[in-house]
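One-letter residues, chain by chain:
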Amino acid sequence: MKRLILAVLFVSCMGRAALAQPSSIVGSPHDLSAGGPGPIRAVIENQVCIFCHTPHNASPIRPLWNRYMPVDNYLIYTSRALDAQPGQPTGSSKMCLSCHDGTIALGVVFSRQDPILMAGGVTIMPNGPSNLGTDLADDHPISFRYDSALAAQDTHLLDPDLLPPELRLDFNSELQCTTCHDAHDDSRGNFLTMENFDSQLCMACHQISTTTITDHTSCNACHQPHSSPSGPYLLRGMTVSETCLSCHDGNTQGAANIAGDLNKLSIHETYSQVDPPDPQYTHTSCTSCHDPHTMDPGTASAPFVHPNFGDIDGINASGSQVAIASYEYEVCFKCHGDQQAVPPTVQRLIPDNNARLQFSPGAISYHPVEAPGKNSDVPSLRPGWTTSSYVLCSDCHSSNSGTNGGGTGPNGVHGSDYSPLFVANYETADYTSESAFAYALCYRCHDRNSILGDESFSEHKKHIQKEDASCSACHTGHGIPSGQGTLTGNSHLINFDTSIVFPDPDTGRLEFRDTGRFRGECYLECHGEKHSPEDYKP
Ligand code: HEC
Ligand code: HEC
Ligand code: HEC
Ligand code: HEC
Ligand code: HEC
Ligand code: HEC
Ligand code: HEC
Ligand code: HEC
Ligand code: HEC
Ligand code: HEC
Ligand code: HEC
């Protein structure tokens with residue numbers, strides 16, 4: 001019955017003049033007749049429908065299809081996050097591809113023995129955006145079942161039963177080219193079935209929440225549905241970072257210049273693949289710390305996660321995965337906790353590189369990242385810091401030119417002139433002359449005059465200024481995990497650098513002993529001085 005109606009329709013629509021409907025194909029890029037608007041048109045053929053349909057000698061494919069179908073030789077879209085399982089193109093998508101994959105001459109139709117002659121010697125679809133090629137791995141996935149079961153797997157997908165009527169699925173609930181495009185209707189441009197200037201089309205299926213960062217609200221800011229340079233995730237750049245840095249490069253009005261920080265000495269190197277294989281902790285991209293769809297501007301106080309991280313996943317203080325991190329450190333623990341992305345930069349008596357255990361509230365002593373500090377008597381703390389303060393990883397590890405580092409650039413653990421990614425300079429080498437600059441990192445929070453005034457350790461000035469010992473010779477920056485250190489041996493972040501501090505030759509001991517408030521003793525040898533032991537008191 002439908003076939004009959006179609007045949008009648010075609011018979012009555014053969015000439016250009018008689019084409020009442022579907023009307024908007026005439027004069028559109030799909031009007032390939034000699035009178036068509038574009039460079040791709042016939043020399044003399046004046047029928048419009050004939051390039052795709054014929055009432056006579058049609059192929060067995062509905063709707064009176066007049067073209068040979070391409071062979072199944074396509075590369076198919078895939079990514080690690082994809083739940084759908086697209087196969088070789090089916091249904092109406094193959095009809096589109098009979099021109100848009102660039103393998104079959106546009107003028108070759110069933111109903112004519114000789115190909116329709118095209119102007120300018122055009123045969124197949126010329127190279128350019130309209131020629132998708134046979135590599136569909138860089139195009140929006142098609143020809144897969146989009147059903148409620150799929151929507152149930154991916155909470156960000158609308159149940160297809162609720163789709164707006166403009167978006168039609170093909171037989172068998174398959175998403176096809178024709179879900180987003182209507183070959184006959186160019187009234188919205190690009191033959192789209194729905195407007196997409198505000199990403200309405202994309203958001204009709206993808207329930208991706210809108211961010212309040214204005215320049216991120218369009219899906220097109222980061223994605224393109226066809227011929228995407230990245231392939232997986234259909235990004236506008238080859239990789240995630242390239243996509244983000246196309247704006248965050250210092251050349252885009254209003255977008256923070258992150259690229260500048262990535263040229264520095266110590267960086268989170270951006271990964272060269274878009275869809276990295278496991279293990280994921282050995283490399284980073286912007287989306288290691290920022291969830292691209294849920295980032296928001298705004299601030300939060302330590303220890304809470306930055307709003308501009310969005311709903312990013314993490315590893316919590318007890319080592320379990322969390323889908324949405326609540327604290328900044330949970331994001332860092334994905335790679336600097338049980339998974340150790342980098343080796344220790346300083347060789348210490350108690351070697352440990354697991355930041356999760358170093359900062360654990362159960363640790364012997366620690367900087368207050370996960371929990372408030374253990375010591376209620378820290379005289380050196382500068383105004384703004386107290387013994388109940390929390391510190392963020394990014395209070396110590398951040399761009400040195402960001403506003404936190406005293407500059408005017410963007411903040412963040414992107415890159416720094418000071419290694420390992422310190423917000424301010426910190427010398428860990430032995431025989432360093434003390435200065436405000438040498439230990440600038442510590443002096444951000446610990447008053448230099450208090451430390452050199454020996455307000456806690458009565459021998460601070462002697463060691464730091466006379467002996468040119470770095471804070472790092474005695475103190476670790478993080479903490480000492482329980483079970484690895486002892487309460488008397490590793491209080492006050494004491495964990496010696498064993499390339500500087502050696503066992504005492506007389507007793508064989510290399511040890512600090514906490515003997516009370518501002519009191520203690522050491523067994524060791526350093527700068528040729530034996531401590532067998534040496535003690536200190538206020
Ligand atoms: C550039 C190719 C192309 C041209 C030119 C073209 N069509 Fe189509 N037409 C299609 C495709 C592809 C389908 C199948 C759509 C689907 O399955 O959703 C189709 C389907 C149809 C249908 C069936 C509609 C339906 O929902 O099943 C009718 C009727 C139709 N075309 C009429 C015409 C008429 C009349 C012309 C000339 C004015 C024309 N078409 C020109 C590609 C074309
Ligand atoms: C008979 C060959 C043919 C078929 C079949 C065909 N197209 Fe096209 N299409 C063209 C040509 C030729 C152009 C113009 C390309 C150009 O100017 O670069 C075009 C242009 C387009 C454009 C770009 C429009 C613009 O404004 O630039 C879209 C989108 C498109 N086609 C989608 C489809 C879809 C979807 C189908 C299947 C439903 C389809 N086409 C079937 C030949 C075809
Ligand atoms: C999920 C929706 C969706 C699907 C499925 C889809 N397209 Fe598109 N397509 C778009 C959008 C949106 C645009 C406009 C691109 C833009 O705004 O940059 C577009 C643009 C195009 C263009 C113009 C060239 C370009 O890259 O801008 C062609 C040709 C095209 N599509 C063909 C196809 C063909 C053929 C298929 C099936 C193999 C298909 N599309 C499947 C959404 C889709
Ligand atoms: C008709 C519904 C529909 C529309 C419209 C649509 N998509 Fe999709 N899209 C889907 C479905 C369904 C999937 C498969 C999701 C899955 O399996 O995880 C998908 C997959 C994707 C993927 C790959 C996801 C992955 O896990 O690798 C991207 C990226 C994407 N769409 C972006 C877009 C963009 C951008 C637009 C607008 C141009 C758009 N989509 C429009 C339904 C749609
Ligand atoms: C600021 C850039 C940006 C914007 C804006 C953006 N995306 Fe994405 N999107 C990405 C990146 C980057 C990825 C890859 C994520 C990864 O590395 O894991 C992605 C992944 C996806 C995926 C696949 C993974 C998933 O989460 O299911 C889909 C689907 C998707 N985006 C759709 C959209 C849609 C629809 C919009 C508009 C509402 C949009 N995106 C807006 C950057 C963006
Ligand atoms: C189309 C250009 C563009 C692209 C692409 C883009 N951004 Fe942005 N982004 C901006 C602009 C403009 C702002 C607002 C000004 C600012 O804070 O930098 C912004 C804001 C941000 C902010 C919030 C800053 C704050 O705290 O207020 C973050 C974080 C961010 N972008 C990260 C990313 C990431 C990650 C990507 C890639 C997944 C990305 N951006 C892609 C233009 C872009
Ligand atoms: C996805 C894994 C990953 C995440 C998440 C991550 N890092 Fe890293 N980090 C690395 C890798 C890998 C390196 C080594 C440099 C490189 O190749 O990027 C590194 C390097 C560093 C360095 C420099 C170390 C050195 O020896 O030069 C510091 C400091 C650092 N990260 C701190 C952080 C902080 C703070 C966070 C949380 C805000 C964090 N990282 C989140 C993987 C990660
Ligand atoms: C962002 C601020 C900040 C920076 C930078 C900082 N600290 Fe601290 N530090 C604190 C706070 C807050 C405490 C108090 C913790 C407590 O009450 O136990 C503290 C405590 C200490 C303690 C005493 C711990 C104890 O348990 O007795 C030592 C030792 C210490 N810091 C050394 C350093 C060194 C060395 C540096 C430089 C590498 C440094 N700090 C950098 C904030 C900071
Ligand atoms: C109070 C300052 C401070 C805070 C807070 C801090 N770090 Fe560090 N970090 C340091 C110092 C100092 C070093 C140099 C190594 C040392 O002292 O043993 C360092 C070294 C590193 C390194 C290089 C590898 C290594 O162990 O030497 C990484 C990676 C790192 N920190 C990650 C983190 C993460 C992740 C957090 C938060 C969970 C964090 N840091 C919090 C001061 C800090
Ligand atoms: C290791 C974690 C990590 C990675 C990887 C990372 N960032 Fe950030 N980013 C941060 C932190 C921490 C901040 C500071 C958050 C704050 O203070 O609000 C930040 C802040 C930002 C800001 C806001 C800066 C400002 O001061 O306005 C932008 C924009 C941004 N990041 C973009 C990017 C881009 C683009 C990439 C990839 C090239 C990237 N980030 C990779 C951790 C990261
Ligand atoms: C020779 C070893 C040694 C060196 C070098 C050293 N410290 Fe200490 N520091 C100690 C000892 C021991 C204590 C514990 C004092 C007590 O409470 O008994 C201490 C305590 C502290 C405290 C906690 C109490 C307070 O004063 O607020 C801070 C902070 C501190 N040191 C910072 C530093 C900084 C910053 C440097 C480098 C500029 C440094 N230390 C260099 C051994 C050292």
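Small disclaimer: the values here were computed from a predicted structure and weren't measured.

Q: How do you make sense of the overall build of the protein chain when you look at a structure like this?
A: When you go through the protein chain residue by residue, the secondary structure sums to 14 helices and 12 strands. Since a compact globule built from 538 residues should have a radius of gyration of about 24 Å, the 33 Å found for the protein chain marks it as more spread out than a globular shape. Across its three principal directions, the C-alpha atoms of the protein chain cover 105 × 40 × 40 Å. Within the protein chain, the fraction of its 538 residues that count as buried is 42%. Carbon and sulfur atoms form 55% of the exposed surface of the protein chain, whose accessible area is close to 27,300 Å². Considering the protein chain, the positive charge centre built from 30 side chains and the negative charge centre built from 59 side chains are found 1 Å apart.

Q: Hey, could you run me through the site of ligand 9 in this one?
A: Ligand 9 sits among 24 residues. The nearest are T345, C393, C396, H397 and H478. Here T345 contributes a side-chain N or O atom positioned 2.7 Å from an oxygen atom of ligand 9. H397 has a polar side-chain atom sitting 2.8 Å from a nitrogen atom of ligand 9. Counting residues per element, the ones that place at least two in the shell around ligand 9 are α8 (328-336) and α10 (393-396). Residues lining the shell around ligand 9 come from more than one domain, with at least three contributed by each of domain 2 (232-336) and domain 3 (343-538).

Q: Looking at this structure, how should I read the pattern of salt bridges?
A: Any two side chains of opposite charge can pair if their charged atoms end up close together. Per the stated rule, a full pass over the model turns up 12 salt bridges. A salt bridge links R517 to D377, with the nearest nitrogen and oxygen atoms 2.4 Å apart. Of this pair, R517 sits in the loop between β10 (511-516) and β11 (519-526) while D377 sits in the loop between β6 (365-366) and α10; the two residues are 140 residues apart in sequence, bridging distant segments of the chain. Classification of R517 as exposed rests on a relative accessible area of 56%.

Q: Mind showing me how you'd approach the coordination of the iron atom of ligand 11 here?
A: Only H460 (NE2) and H475 (NE2) from the protein reach the iron atom of ligand 11 as donors, at distances of 2.0 Å. For the iron atom of ligand 11, the 6 donor atoms are set out with angles of 86 to 179 degrees between them, so the coordination reads as octahedral. Remark: H475 occurs in the loop between α14 (471-474) and β8 (479-480) and H460 occurs in helix α13 (residues 460-466); sequence separation between them is 15 residues. Residue class for H460 comes out buried when judged on its relative accessible area of 11%. Classification of H475 as partly exposed rests on a relative accessible area of 25%.

Basis of the calculations
Residues numbered from 1 in each chain as written. Chains lettered and ligands numbered in written order. Predicted model: local features only at pLDDT ≥ 70, side-chain atom pairs only at ≥ 80, totals over all residues. Heavy atoms only, no water. Helix = DSSP H or I, 4+ residues; strand = E, 2+ residues; numbered from the N terminus. Rg over C-alpha atoms; globule rule 2.2 N^0.38 Å. Buried < 20%, exposed > 50% of the residue type's maximum accessible area, 1.4 Å probe, protein only. Areas by Shrake-Rupley, 256 points an atom, 1.4 Å probe, with all protein chains shown as cover. Lys, Arg positive; Asp, Glu negative; His and termini not counted. Charge placed at Lys NZ, Arg CZ, Asp CG, Glu CD. Near = heavy atom within 4 Å. Polar contact = N/O pair within 3.5 Å; in protein donor to acceptor, adjacent residues only side chain to side chain. Domains from an automatic or database assignment. Salt bridge = Lys/Arg side-chain N within 4 Å of Asp/Glu carboxyl O. Donors = N, O, S within 2.8 Å, 3.2 Å for Na, K, Ca; no water. Tetrahedral: all angles 85-135°; square planar, octahedral: opposite > 155°, others 65-115°.

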